[in-house]
Amino acid sequence: MAKEWGYASHNGPDHWHELYPIAKGDNQSPIELHTKDIKYDPSLQPWAASYDPGSAKTILNNGKTCRVVFDDTYDRSMLRGGPLSAPYRLRQFHIHWGSADDHGSEHTVDGVKYAAELHMVHWNPKYGSFGEALKKPDGIAVVGLFLKIGHEKAEFQLLLDALDAIKTKGKEAPFTHFDPSCLFPACRDYWTYHGSFTTPPCEECIVWLLLKEPITVSSDQMAKLRSLFFSAENEPPVPMVDNWRPPQPQKGRVVRASFK
Ligand SMILES: [Zn+2]
């Protein structure tokens, strides 16, 4: 594999294990969700997010995705409840998407690939730092939202309007006064399982909360995401599309549902 991982044939998901052996581990993400095999667990609590819009800082093109970064130096924007044993701090969110509207999500639901999947990444402050949390099986909590095509979502447009400032790899712009809970669907039902980051190094430190109800965005809004570039300003342009990892083996892991 080339020095830097990516999503192309020479450095894509099939190659990641060459530099990051855990990518072939027993707790990798994403996975295929087969809803008929998922059991309702009445012990699962409702979850809640209390995000401080003032904790949003910047939006970044890191050459793999667009990422919105939050101040996580203290308990400002928090996720609580659900399968979590403690409150977790919001650090960043980012998106995975396709080259067309009929694919792009990482998890699949009964074979359905959504147009995109948004990941809100939180860490458990009991571990002292984000870096330490990455080493713990319950260090990170990711809320995953599926994006399907339909009517435009106004709250999503706030994010899309910022993309013109970060077209190419390495660009960063201020992105403030944003409460990402405006993106959540009305229904809080979720599936949960233990897995990994879907990008190298693919650390197996994640409690996943995947929201059952997709949010709706328009086809034009999806096209705006695809106007970003994997490449830097001084490089031949490579459109940022298909930055998703395909499903990984479930290897006996149990997925639980918060709902009947
Ligand atoms: Zn992700």
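Being a predicted model, the structure only gives us computed values, none of them experimental.

## Some remarks on the UniProt feature "domain: Alpha-carbonic anhydrase" (unreviewed entry) in the protein
Part 1: Taken from the UniProt record, the annotation "domain: Alpha-carbonic anhydrase" (unreviewed entry) applies to residues 3-259.
Part 2: Secondary structure within residues 3-259 divides into 9% helix and 28% strand; the distance between the first and last C-alpha atoms comes to 44 Å.

## Quick word on the side chain of Thr 108
Part 1: Considering the arrangement of structural elements, one finds Thr 108 in strand 8 (residues 108-109).
Part 2: Once residues within four sequence positions are removed from consideration, Thr 108 is found in contact with Ile 31, Glu 32, Leu 33, Lys 113 and Pro 247.

## A short note on the environment of Ile 215
Part 1: Note on placement: Ile 215 falls in strand 14 (residues 215-217).
Part 2: What makes Ile 215 buried here is its relative accessible area of 4%.
Part 3: The sequence separation of Ile 215 and Ala 116 amounts to 99 residues, and the corresponding C-alpha distance is 10.0 Å.

## Thoughts on the coordination of the zinc ion
Part 1: Summarising the metal site, the zinc ion is bound by the protein donors His 94 (NE2), His 96 (NE2) and His 119 (ND1), whose distances to it range over 2.0 to 2.1 Å.
Part 2: Spacing between the donor residues of the zinc ion along their common chain follows H-x1-H-x22-H.
Part 3: Residue classification places His 94 among the buried positions, given a relative accessible area of 10%.
Part 4: His 96 gets classed as buried once you look at its relative accessible area, which sits at 2%.

## Section: the packing of aromatic side chains
The description of an aromatic ring pair rests on the distance of the ring centres and on the angle between the ring planes.
Part 1: For the coordinates displayed, the defined rule picks out twelve aromatic pairs.
Part 2: Note on Trp 5 and Trp 16: the rings are 5.3 Å apart at their centroids and 75° apart in plane angle, and the pair reads as edge-to-face. Remark: Trp 16 occurs in helix 1 (residues 16-19) and Trp 5 occurs in the segment before helix 1; sequence separation between them is eleven residues.
Part 3: On the basis of an interplanar angle of 40° and a centroid distance of 6.1 Å, the ring pair of Phe 93 and Phe 178 is categorised as tilted. Of this pair, Phe 93 sits in strand 7 (residues 88-97) while Phe 178 sits in the loop between strand 11 (172-174) and strand 12 (190-195), placing them 85 residues apart in sequence. You'll find Phe 93 and Phe 178 in the same group, each marked buried.
Part 4: Among the aromatic residues, ring-to-ring pairing joins Trp 5, Tyr 7, Trp 16 and Phe 230 into one connected group.

## Considerations on the environment of Tyr 114
Part 1: Inspection of the secondary structure puts Tyr 114 in the loop between strand 8 and strand 9 (116-123).
Part 2: In the structure, Tyr 114 is positioned ten residues away from Gly 104 in sequence and 6.0 Å away in space, judged by C-alpha atoms.
Part 3: Excluding its chain neighbours within four sequence positions, the residues that come into contact with Tyr 114 are His 103, Gly 104, Ser 105, Val 109, Phe 146, Leu 147, Lys 148 and Pro 214.

Rules and cut-offs
Residues numbered from 1 in each chain as written. Predicted model: local features only at pLDDT ≥ 70, side-chain atom pairs only at ≥ 80, totals over all residues. Heavy atoms only, no water. UniProt positions renumbered as here; feature names shortened; annotations may be inferred. Helix = DSSP H or I, 4+ residues; strand = E, 2+ residues; numbered from the N terminus. Contact = heavy atoms within 4.5 Å. Buried < 20%, exposed > 50% of the residue type's maximum accessible area, 1.4 Å probe, protein only. Donors = N, O, S within 2.8 Å, 3.2 Å for Na, K, Ca; no water. Phe/Tyr/Trp six-rings, centres within 6.5 Å; stacked < 30°, edge-to-face > 60°.

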